[in-house]
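Observations on the three-dimensional arrangement
Here is how the chains run, residue by residue.
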Amino acid sequence: MGVNSSSISELSTNESLKILAGTKVITEDDPFWNKLLSFKFLPPQTIADARLLEEATNSICKHLTNNNPHTGNFCSLVKVFLRRADELKTSTQCNDYLFTWQTYNALFIIRSVCKYMLENISEGRIKQQFSVTVPKEGATRPNGESQCLLEEFLNAVIKILIEVPVLDFTYMLHLEGITLLLVMLSLQMFIPRVSHESIIYQLLMTSSCSKDAHILIKTLLDHFIEQKLCPDSPFGTDQSGGGFLSGVTSAVASGLWTVMTLGYGAPAAQEESKPLLANQSLLLLLVLGNHDAHHGVQNPYRHALCTFSNSQDGGAANSLTGHLPPFKLNFSNLYEAFCRRFDSDQTTLLFYLLLHRNSNFRQCVLSKTNIDNLVLPLLKILYNAPESNSHHIYMALIVLLILSEDDAFNKSIHEVSVKTVPWYTERAISETTLGGLIVLVVIRTIQYNMTRMRDKYLHTNCLAALANMSSQFHSLHPYVTQRIVSLFELLSKKHGKIIEQLSNGSSTVATSHMDEQDYMADLAVLEEVLRMVLEIINSCLTNTIHHNPNLVYTLLYKKHLFMSFKTNSKFQDIIQNIDTVLSYFSARLDQQSDGKNMSVDEVLDIIRQGMMLWNKESLRKFPDLKFKYVEEEEPEEFFLPYVWSLVYHSSNLYWDADRIELFNLNSQ
């Protein structure tokens, strides 16, 4: 992808652009617009290219912003776009490439100017920029009585997205429309708190713009499902770069912006096509779905995301609310699209949003027989924790926690065999179950967190997921049971060291009071984790001991680890059950070994025989381990900065880092 730098540098002195930004009034009927909009210019598809373009056009945007209150030229451009937008659906049906191309150009210029305004002037002044009219005599006045031009403009963009079909020659128009909405909403990035009073957000949430919220959400989800690649010839040119548009460009646009394809070279020089429309749609879904409307106002976009239903389920109303869904979508196609795309934060975040808030979608996911297609990518995210950002790890783990709340899921994962896992490189694993692999990866995440992140929240969610699954553990692989007991061993060693440090500290005058407080705090957290691991082991022994001889074998092999906790009042009750199991099977081994060494298989045979006579009533009953994910109060305080950090990094737009106030770039 090349950049025509010399052409970009000429933009700030281009005569046509200088006229647009100058002091001369250009009415919406002026022939000037046909000339201005007849350029061949595809927007940059990298952040570096976008920055070059913005730097080259910054002075043009500045002068247009300063002069528009007197000339109304920006408003005239918007009205030219609105006139074309009204006719766009019909022109598309007639395959009118030229009309679509010029409409796209108008929208691209408007987006570029709006981005400058959003980063440099207040939102109130932006609304005023959309509220200038120019009577025929050339004088200007504020447009106070007529419909807000800004609202009309946003409505027109939404109408294009939901009514104009996505064809090769309309693909870039759709992409530009979605990018325009992202830019208009980006003011959230430039303030340090959640915006509840934004004019633009209020228009999208409560004005006429919101009446098609459900259709827009469906359209964006359709784009995500389809993953349509950007066409090589987005405005109908042939593969050689000639044809219809080339001729028009040569005849009309010569000397204007020059013929540039910034971000696009000739077909042979292009990078592999990407699903740009799907990627940008995903970001807009997250922005719209995570905005907090506040003051009791419902966010219609979030409502649509949380209540749409499966098109394969017929026309029934929601069983909980009794209301018909805002729209229907093929959940199987949506599920498969997610399974293929979990490598990105934004995909995982949208999946979390639907799984947590849309009961229809959650029921569909939990009914899937190919659940491994979903779980394996999630586990890969956790396994690659050192290379992943902390937010992505959290979201993958929370998705796993939500899934583990369902008993049928916890049962089914042990019925799915996993033969090879290429990304699991610590040890070759063959013929384990999906459930066993989950245990391995979650334990690895806990151990990684203990040494690197030291995040109690991550510990809690990892252990909660394992606890939810523990009563359904079935046929655990020997390596899996070894990792469970090794986790307890690691924790017990840390526990012993802290106890020793506290004991030594109490007899050392030099030890500060603060050091002792830190040790006590660490000890309290560690004992919570130790208790949880013991409860997970106990839950498995209580509910599925007959199906887990390998766990009993590993516990017997490492039984010395549990002895020191028998006298600790914080663990005595739970250790008693484990000790009962160990005593029973140790006695059987002693009876049948006759003092000779036995092979692993011989020991396992004795364990299996003992299981046939095992009385599970001999164990003390504890409450079932059931943990449910609950969002924190004011979740937008976490999700909005996260979402906008994804827009910052993944939208292929250039954002001035010095202006960002919503999130800390150093922590992303």
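Residues numbered from 1 in each chain as written. Predicted model: local features only at pLDDT ≥ 70, side-chain atom pairs only at ≥ 80, totals over all residues. Heavy atoms only, no water.

**Quick word on the packing of helix α18 (residues 372-383) against helix α19 (residues 390-404)**
Operational definition: Interaxial angle, 0 to 180 degrees, is taken between N-to-C directions of lines fitted to C-alpha atoms, where a helix line uses only the stretch in contact. Segments assigned H or I by DSSP are reported as helices when at least four residues long, segments assigned E as strands when at least two residues long, and all are numbered from the N terminus. Roughly parallel covers angles under 35 degrees, roughly antiparallel covers those over 145, roughly perpendicular covers 65 to 115, and oblique covers all other angles. A crossing counts as left-handed when the near helix is turned anticlockwise from the far one by less than a right angle, and as right-handed when that turn is clockwise. Contacts: residue pairs with any heavy atoms within 4.5 Å of one another. Residues are grouped as follows: Ala, Val, Leu, Ile, Met, Phe, Trp, Tyr, Cys and Pro are nonpolar; Asp, Glu, Lys and Arg are charged; every other residue, Gly included, is polar.
One way to put it is that α18 packs onto α19 with a least axis distance of 9 Å and a crossing angle of 140 degrees. The orientation of α18 with respect to α19, classified from their angle, is oblique. Between α18 and α19 lies a crossing of left-handed hand. Two secondary-structure elements touch here, α18 through L374, L378, L379, I381 and L382 and α19 through H392, I393, A396, L397, V399, L400 and L403. Considered class by class, the residues forming the contact of α18 with α19 number 11 nonpolar, one polar and no charged.

**Observations regarding the state of the cysteines**
Rules: Here, a disulfide means two cysteine sulfur atoms that sit within 2.5 Å of each other.
Applying the stated criterion across every chain, the model contains zero disulfides. With no disulfide of its own, C61 has C114 as its nearest cysteine by sulfur position, at a separation of 9.6 Å. The thiol sulfur of C148 is not disulfide-bonded, and the nearest other cysteine sulfur, from C209, lies at 8.5 Å.

**With respect to the confidence of the model for the protein chain**
To keep it simple, the criterion reads: Confidence of the predictor at the level of single residues is given by pLDDT, which spans 0 to 100.
Of all residues in the protein chain, 87% attain a pLDDT of 70 or more, and the chain-wide mean is 86. Within the model, pLDDT remains below 50 along residues 1-6, and this stretch shows 12 contacts once partners closer than five positions in the same chain are excluded. Across residues 238-271, confidence stays below pLDDT 50; counting only partners more than four residues off in sequence or on other chains, it has 77 contacts.

**Topic: the pattern of salt bridges**
The following threshold applies: Salt bridges, as used here, are contacts in which a Lys or Arg side-chain nitrogen is within 4 Å of a carboxyl oxygen on Asp or Glu. For the exposure calls, accessible area comes from a 1.4 Å probe over protein chains only, and a residue counts as buried if that area is under 20% of its type's maximum, exposed if over 50%, partly exposed in between.
Taken as a whole, this structure holds 23 salt bridges when the rule is applied. Between R51 and E55 there is a salt bridge, and its shortest N-O distance comes to 3.0 Å. Remark: E55 and R51 occur in helix α4 (residues 47-71); sequence separation between them is four residues, near one turn of the helix. Note on R51: relative accessible area 41%, which makes it partly exposed. You can call E55 partly exposed: its relative accessible area is 49%. Across the pair E489 and K558 runs a salt bridge whose closest N-O atoms are separated by 3.4 Å. Within this pair, whereas E489 is found in helix α23 (residues 478-506), its partner K558 is found in the loop between α25 (549-557) and α26 (560-563), the two being separated by 69 residues in sequence. The exposure class assigned to E489 is buried, which follows from its relative accessible area of 16%.

**Brief notes about helix α15 (residues 331-340)**
The set of residues buried in α15 consists of F331, L334, Y335, A337, F338 and C339. Where α15 is buried, its residues contact α11 (213-226), β3 (309-310), β4 (328-329), α16 (345-357), α17 (359-366) and α18.

**Digging into unusual backbone geometry**
One can expect most non-glycine residues to show negative phi and most peptide bonds to be in trans. A positive phi angle, close to 50 degrees, is found at S475, a residue other than glycine. Relative to the assigned elements, S475 resides in the loop between α22 (456-470) and α23. Taking the relative accessible area as the measure of exposure, S475 reaches 40% and is therefore partly exposed. Located in the positive-phi region is E634, a residue other than glycine, with phi close to 55 degrees. Summarising the element assignment, E634 is placed in the loop between α28 (600-613) and α29 (636-650).

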